[in-house]
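Chains, contacts and geometry: an overview
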Amino acid sequence: MAKACLFEGAATALITPFAGGKVDFDALERLIEFQIENNIDALVITGTTGEAPTLSDTEHRAIITFAVRAVRGRVPVIAGTGSNDTAHAVDLSKYACRAGCDGLLLVTPYYNRATPKGLAESYRKIADETDRPILLYNVPSRTGVHLGATSLRPLANHERIVGIKEASGDLGLAVRLRAEFGENFDLYCGNDDVTVPFLTLGGRGVISVLSNLFPKEVATMCRKHREGDVTGAMADQLAFLPLIDTLFSEVNPIPVKCAAAMMGLCREEYRLPLCPPSDGVRKHLSELLEKSRF
């Protein structure tokens, strides 16, 4: 039986706006409306780009509830609910399911450096105790743990584990995952600089940082590829490459939140240990946005 597909195309890894040290829910609603008005295919909240590690449990849950209500079913809402404590991940994932999220994004447990067996057991426990489709999340630069084929093998056939956000930057891994697990295990690109190559290798879509700023353009790029206009999609990819490089010239989400503030989408406020970007990055962002179409 075919598994559920959470989305096809572009999902935005949404930033979390702050004001005076608190979550700015008014700005969050504006960000959500901006995304939907510009034809984004899905939203991913409380993830890396949403500064989830700095959110209290109360804030994390409040953002999930607020986002589901604000979206009102217009696009899928996928909540980041992973943790290095499996029991906490289970509890938070259950809450997201009750709140009405369409799916869950589960990062590999960080700091613990679990073995492939431990990873598999942790993910299976969360999947067994929840009732929404799950995307696993491989981002070894953040977690110190690589979620490769060995760890995925015991999980790929679980009815609720439907795919992976692959953010290692290794296109060869995408090829190997597609070869081993086929089309019933969805692959999503987690690196904006290789979106189109990843789609060409069989990716279902992208979970994008860039689309915080340009949701319509990123969604259009994915649609072009899906409809067979690979040349047009690649031209879009290359046109955005200078901005993408700048968005990742300092740790995400520092540059993208700075750029969003420049566009009037939110305040430029971070939580330590994240802090504002260097003057050079700020200047480069301003120049690139000035040349853009926003």
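A few points on the structure. What you see is a predicted model; the values in this text were computed from it and never measured. (Residues numbered from 1 in each chain as written. Predicted model: local features only at pLDDT ≥ 70, side-chain atom pairs only at ≥ 80, totals over all residues. Heavy atoms only, no water.)

Concerning the overall build of the chain
Within the chain one finds 12 helices and 10 strands. Computed over C-alpha atoms, the radius of gyration of the chain comes to 18 Å, within 12% of the 19 Å expected from 2.2 N^0.38 for 294 residues, which places it in the range of a compact globule. Along the longest, intermediate and shortest principal axes, the C-alpha atoms of the chain span 50 × 45 × 35 Å. Here the chain holds 294 residues, and 55% of them are scored as buried. Pairs at least 24 residues apart make up 72% of the contacts formed inside the chain by residues separated by at least 6 positions. Looking at the chain as shown, the accessible area adds up to about 12300 Å², and 51% of this sits on carbon and sulfur atoms. The averaged location of the 36 negative side-chain charges in the chain is 3 Å from the averaged location of its 32 positive side-chain charges. (Helix = DSSP H or I, 4+ residues; strand = E, 2+ residues; numbered from the N terminus. Rg over C-alpha atoms; globule rule 2.2 N^0.38 Å. Buried < 20%, exposed > 50% of the residue type's maximum accessible area, 1.4 Å probe, protein only. Contact = heavy atoms within 4.5 Å. Areas by Shrake-Rupley, 256 points an atom, 1.4 Å probe, with all protein chains shown as cover. Lys, Arg positive; Asp, Glu negative; His and termini not counted. Charge placed at Lys NZ, Arg CZ, Asp CG, Glu CD.)

Some words on the pairing of strand β6 (residues 103–107)
When you tally the buried positions in β6, you get 5 out of 5 residues, the bulk of the element. The alternating pattern of β6 places Gly-103, Leu-105 and Val-107 on one face and Leu-104 and Leu-106 on the opposite face, and all of these are buried. Across 3 bridges, strand β5 (residues 77–80) lies against β6 in parallel orientation. Within β6, the position partnered with Ile-78 by the bridge is Gly-103. Where the polypeptide runs from β5 across helix α3 (residues 86–99) and back to β6, its parallel neighbour, the crossover connection is right-handed. (Pairing = 2+ DSSP bridges. Right-handed = clockwise from strand over helix to strand, strands pointing away.)

Brief notes about the packing of helix α1 (residues 25–37) against helix α2 (residues 57–71)
Where α1 meets α2, the closest approach of the two axes is 10 Å, and the angle between their N-to-C directions is 45°. Classed by the angle they form, the pair α1 and α2 counts as oblique. The two elements α1 and α2 meet at a crossing, and its hand is right-handed. Here Phe-25, Leu-28, Glu-29, Ile-32, Glu-33 and Ile-36 of α1 come into contact with α2, specifically with Ala-62, Ile-63, Phe-66, Ala-67, Ala-70 and Val-71. Classifying every residue of the contact of α1 with α2 by side-chain character gives 10 nonpolar, no polar and 2 charged. (Axes fitted to C-alpha atoms, helices over the stretch in contact; angles between N-to-C directions. Parallel < 35°, antiparallel > 145°, perpendicular 65-115°, else oblique. Left-handed = near helix turned anticlockwise from the far one by under 90°. Nonpolar A, V, L, I, M, F, W, Y, C, P; charged D, E, K, R; others polar.)

Brief notes about the packing of α3 against helix α4 (residues 116–128)
Remark: α3 packs on α4, axes separated minimally by 9 Å, with the N-to-C direction vectors making an angle of 25°. Taken together, α3 and α4 sit at an angle that is classed as roughly parallel. The crossing of α3 and α4 is right-handed. Packed against α3, whose contacting residues are Thr-86, Ala-89, Val-90 and Ser-93, the element α4 presents Ser-122, Lys-125 and Ile-126 at the interface. Its residues assigned to classes, the contact of α3 with α4 comprises 3 nonpolar, 3 polar and 1 charged.

What to know about the sheet that holds strand β10 (residues 205–208)
Here 8 strands make up a closed barrel; going around it, the order is β1-β4-β5-β6-β7-β8-β9-β10 and the pairing parallel. Each neighbouring strand pair of the sheet contributes to a mean axis angle of 25°, computed without reference to strand direction. Here 4 bridges tie β6 to strand β7 (residues 134–138), and the two strands are oriented parallel to one another. Bridging from a neighbouring strand, Val-107 pairs with Tyr-137 of β7. Packed on one face of the sheet, α2 meets β4 (42–45) and β5 and runs near 175° to β5.

With respect to the environment of Asn-184
Tracing the backbone through its elements, the reader meets Asn-184 in the loop between α7 (171–181) and β9 (186–189). Here Asn-184 falls in the partly exposed class, since its relative accessible area comes to 34%. In this structure the C-alpha to C-alpha distance between Asn-184 and Ala-4, which are 180 residues apart in sequence, comes to 9.0 Å.

Overview of helix α9 (residues 215–226)
Spanning 12 residues, α9 covers 17 Å between terminal C-alpha atoms, matching the ideal 16 Å at 1.5 Å per step. Buried within α9 we find Pro-215, Val-218, Ala-219, Met-221, Cys-222 and His-225. Along the axis of α9, the buried residues cluster in a sector spanning 155°; they form a single face. The inward-facing, buried residues of α9 abut β1 (9–13), α1, α8 (195–200), β10 and α10 (230–247). Once α9 finishes, Gly-228 follows within two positions and takes phi at roughly 100°, a positive value. (Expected span 1.5 Å × (residues − 1). Arc of directions from axis to C-beta.)

A few points about the nonpolar core
Among the nonpolar cores identified, the biggest contains 86 residues, and Ile-32, Leu-136, Leu-213 and Leu-243 are the most heavily contacted of them. At 6 residues, the largest contribution of residues to this core is made by α2. Contact partners of Ile-32, with chain neighbours within four places excluded, come to Leu-14, Leu-43, Ala-67, Ala-70 and Val-71. In this structure, Ala-11, Leu-105, Val-107 and Ala-167 belong to the second largest nonpolar core, which totals 16 residues. (Core = buried A, V, L, I, M, F, W, Y, C linked by side-chain atoms within 4.5 Å.)

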